[in-house]
Amino acid sequence: MKERTVFLDKLRVAATCAVVLLHTVTGVMDHTDMGAYPLEKKVFLVILDLVCWCVPVFLLISGYLFLNPDRELGMRKMLLKYCRRIVLALFVFGVPYACLEQIAAERCFRWEMTGKAFLMVARGESWSHLWYLYLILILYLLTPAIRKLLAILPRPVLYILLAGLFAGSSVLPWLAKLLETETIRGLPDWGIYFFYYISGSLFRQKSGSLADTESPGAAKAIAGYAWTAAAVLGAAMACSRLNGNYTVQMAYNYPFTTVLSLLIFGGGSTLCRMVPWEGKAMDGFWKQAAGLCFAVYLVHPVFLNTAYKFLHVTPLSFPIGISLPVFWGAALLLSAAAARILCGIPTLKRYVL
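Quick look at helix α7 (residues 155-179) now. Across its 25 residues, α7 extends 34 Å between first and last C-alpha, which sits within 8% of the 36 Å expected from 1.5 Å per residue. Largest kink in α7: about 35 degrees, centred on Ala167.

Here is the structure:
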């Protein structure tokens, strides 16, 4: 679809690169006492603040596409096409990963591990990055109901609902952590994922058309303001970590991450809606690169875990200013190469990737 290729494909590629960097960092932090590395911890926290927009943007993209009121999308299609793809991805990739986890723990392979690996995937106990597939599977299953709800819900009520999700699942948990108190109670943290998913639909015009060229100049200005605000917010988030006193850590419900994600996505969607689409030489590249993103997401931990868990080499083994870009770049390039090979397998490409 020409009308959405450039906007969404560029976002997918950028978010995928950010995901690889995110896991390059968390793969170290989750298994290391960072108290012995104060400088590296500060660098890692800054990076996490600057890249955690990746998962929210993926959810915004999904909401933008699947909650489009002009798109015919019933439960049958969701189950037989989209949900099936996610379930197959979970088992095709999750089972081998669960086997590798058992091999790493027991230093041997037994055929019984395969059966246990299937159970581990069913229980959500394979490699941690696959959590997103369980989340998106739930959202896909609920999509027909959400679409019906959005069709009848008045827009002011929808805004109130989203404001409640943002306040209850993001702002209140942040205040509780900031003030170190248990007296402030909000909604479950997972409520923010529904916020992102539903918010994605709001960035599409009510008519569903992406070809409204009424004011392209204004659209470019709005997008510029949004991305400038995102840059300023990102810089402020980075500065907040520099003195080392601010140590609040949250997942994708961090309020500033939420705002940053909306600004990044909003700028792109504004241009897409109101500026005429013009085919460019690089559009084919972005389409091909975006086609590899899901496979890159699935395989990149193989290279990180090989270095971290099997070779026992991490970015902390070298000066962080050199090692972190090298580890990230190597993981990204190797994952892209592996994704290209996997996407060349017709059956795998058609049903999984």
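Picking up where we left off.
The subject of this paragraph is the side chain of Asn305. Relative to the helices and strands, Asn305 resides in helix α11 (residues 283-310). Residue Asn305 is classed as buried on the basis of its relative accessible area of 13%. If we skip the residues at most four places from it in the chain, Asn305 touches Trp127 and Phe310.

What follows covers the environment of Tyr132. With respect to the secondary-structure elements, Tyr132 resides in helix α6 (residues 131-152). The residues contacting Tyr132, other than those within four sequence positions of it, are Val55, Phe58, Leu59, Ser62 and Tyr297.

Turning our eyes to something else, we now look at the nonpolar core. Counting residues in hydrophobic clusters, the biggest one holds 102 residues, and the most contacted among them are Leu298 and Leu353. With 12 residues, the single largest contributor to this core is helix α1 (residues 2-29). Excluding anything up to four places from it in sequence, Leu298 contacts Ala89, Phe93, Tyr97, His129, Leu130, Leu133 and Leu353.

With that out of the way, let us pick up the environment of Leu139. Within the element layout of this structure, Leu139 appears in helix α6. Between the C-alpha atom of Leu139 and that of Cys83, which follows or precedes it by 56 residues, the distance is 9.6 Å.

With that out of the way, let us pick up unusual backbone geometry. Residue Glu180 is not a glycine yet carries a positive backbone phi of 55 degrees. Residue His312 is not a glycine yet carries a positive backbone phi of 55 degrees. His312 sits in the exposed class, given a relative accessible area of 54%.

Attention now moves to the environment of Tyr254. Relative to the assigned elements, Tyr254 resides in the loop between α9 (216-239) and α10 (255-274). Once the C-alpha coordinates of Tyr254 and Asp189 are considered, the two residues, 65 residues apart in sequence, prove to be 9.8 Å apart. Discounting residues that sit within four places of it in the chain, Tyr254 has contacts with Asp49, Ser170, Trp174, Met237, Arg241 and Tyr246.

With that settled, consider the confidence of the model for the chain. Confidence in the prediction of the chain, expressed as mean pLDDT, is 86, and 91% of residues score 70 or more. Note that pLDDT drops below 50 for residues 206-213; the model gives that stretch 17 contacts with residues more than four away or on any other chain.

Taken together, the side chains of Met75, Leu79, Leu80, Ile138, Leu141 and Leu142 define a hydrophobic patch exposed on the protein surface, amounting to about 480 Å² of accessible area. Elements with a minimum of two residues in the nonpolar patch: α4 (75-106) and α6. Residue position: Leu142 is located in helix α6.

In this structure, Thr257 sits in helix α10. When residues no more than four places from it in sequence are discounted, the contact partners of Thr257 are Cys52, Trp53, Pro56, Tyr196 and Met237.

Another aspect to go through is the state of the cysteines. Throughout the structure, instances matching the rule amount to zero disulfides. With no disulfide of its own, Cys52 has Cys54 as its nearest cysteine by sulfur position, at a separation of 6.2 Å.

On to the pattern of salt bridges. Per the counting criterion, the structure on display carries four salt bridges. Among the ionic pairs, Arg12 bridges to Asp9, the shortest N-O distance being 3.4 Å. Here Arg12 pairs with Asp9, and both are found in helix α1, just three residues apart, close to one helical turn. Its relative accessible area of 5% is what places Asp9 among the buried residues. Linking Asp49 and Arg241 is a salt bridge whose minimum nitrogen-to-oxygen distance equals 2.7 Å.

The rules we used
Residues numbered from 1 in each chain as written. Predicted model: local features only at pLDDT ≥ 70, side-chain atom pairs only at ≥ 80, totals over all residues. Heavy atoms only, no water. Helix = DSSP H or I, 4+ residues; strand = E, 2+ residues; numbered from the N terminus. Expected span 1.5 Å × (residues − 1). Bend = angle between axes of the 7 residues up to and from the residue. Buried < 20%, exposed > 50% of the residue type's maximum accessible area, 1.4 Å probe, protein only. Contact = heavy atoms within 4.5 Å. Core = buried A, V, L, I, M, F, W, Y, C linked by side-chain atoms within 4.5 Å. pLDDT = per-residue confidence, 0-100. Patch = residues over 30% accessible without salt bridge, like charges linked within 9 Å, V, L, I, M, F, W, Y side chains within 5 Å. Areas by Shrake-Rupley, 256 points an atom, 1.4 Å probe, with all protein chains shown as cover. Salt bridge = Lys/Arg side-chain N within 4 Å of Asp/Glu carboxyl O. Disulfide = S-S within 2.5 Å.

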